[in-house]
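So you can see what is in the structure, the chains are spelled out below.
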Amino acid sequence: MGELLAVCRVHQLLPDPGSVGITAIDKRPVEGRVRVGRYGLYADVQADRANHGGEDQAVYAYAAEDAEFWEPELEREVVPGLFGENLRTRGLEVSGALIGERWRVGSAVLEVTQPRTPCATFARRLGSPPRWVRRFTEANRTGAYLRVVEPGDLGAGDAVEVIFRPSHGVSAADWFGTWSAGAPAFAELARLAGVLRASADAGEVRLSEDMDVRVAKALAR
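Per the secondary structure count, the protein chain includes seven helices and 13 strands. Here the protein chain has a C-alpha radius of gyration of 17 Å; the compact-globule value for 221 residues is 17 Å, and the two agree. For the protein chain, the C-alpha atoms occupy an extent of roughly 45 × 40 × 30 Å along the three principal directions. Relative to its 221 residues, the protein chain shows a buried fraction of 48%. Counted over contacts in the protein chain with a minimum sequence separation of 6, partners at least 24 positions apart contribute 72%. Carbon together with sulfur atoms contributes 49% to the accessible area of the protein chain, which is approximately 10,000 Å² in total. Distance from the positive charge centre (27 side chains) to the negative charge centre (31 side chains) of the protein chain: 4 Å.

Spatial ordering of the open sheet is given by S6-S5-S12, a layout of three strands whose pairing is antiparallel. Each of the sheet's edge strands pairs with one partner strand only, and the pair in question is strand S6 (40-41) and strand S12 (152-154). Pairing of strand S5 (residues 34-37) with S12 involves three bridges; the strand directions are antiparallel. Each residue of the ladder has a partner; that of Val-36, found in S12, is Gly-152.

Definitions and cut-offs
- Residues numbered from 1 in each chain as written.
- Predicted model: local features only at pLDDT ≥ 70, side-chain atom pairs only at ≥ 80, totals over all residues.
- Heavy atoms only, no water.
- Helix = DSSP H or I, 4+ residues; strand = E, 2+ residues; numbered from the N terminus.
- Rg over C-alpha atoms; globule rule 2.2 N^0.38 Å.
- Buried < 20%, exposed > 50% of the residue type's maximum accessible area, 1.4 Å probe, protein only.
- Contact = heavy atoms within 4.5 Å.
- Areas by Shrake-Rupley, 256 points an atom, 1.4 Å probe, with all protein chains shown as cover.
- Lys, Arg positive; Asp, Glu negative; His and termini not counted.
- Charge placed at Lys NZ, Arg CZ, Asp CG, Glu CD.
- Pairing = 2+ DSSP bridges.

Right, dumping it as structure tokens:
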């Protein structure tokens, strides 16, 4: 059982030199209860929906424990929303959550779909710390994207209850760390992919479009 410390949604769209031209990564905490539906929090925005949105990436969660790891690295406080997250939690394994794991938060039910893959926009958000994308990748403190299984409302102070954990045992961090390791980890990646594919075929989990593609690539190597 974890706790929801903050609910964050877009404060303002910012210009960005990336291909989209703007970014909605500037998320900040809001007060009161917030409705969450199939595409995320009410009044939130994803500027780059090809990579940061849609039903499979409707909500992004990041743990306070992981945020605190980065504070001495970045020499600054990692306040809720700084990493572009919608939910800041405590007392819950977010990077260690299993693919397909379900959480009840307020009256909503959310399902872990995949880890976050860091990008240049994320680095620019933080002032372009040296080697940021690589450092974030190597630390493997990814946070987790979630789809909305049951719409509802949620707010800071709500419990985050894990109500379902699939049997496959593959976490967001397991997958991301192995995927990012490259050729030396191909055998282990294929094993994880096989486990996830079997779980999906059995109807235990529903892989996101991105995860489905990556699992297929891992199995085809």
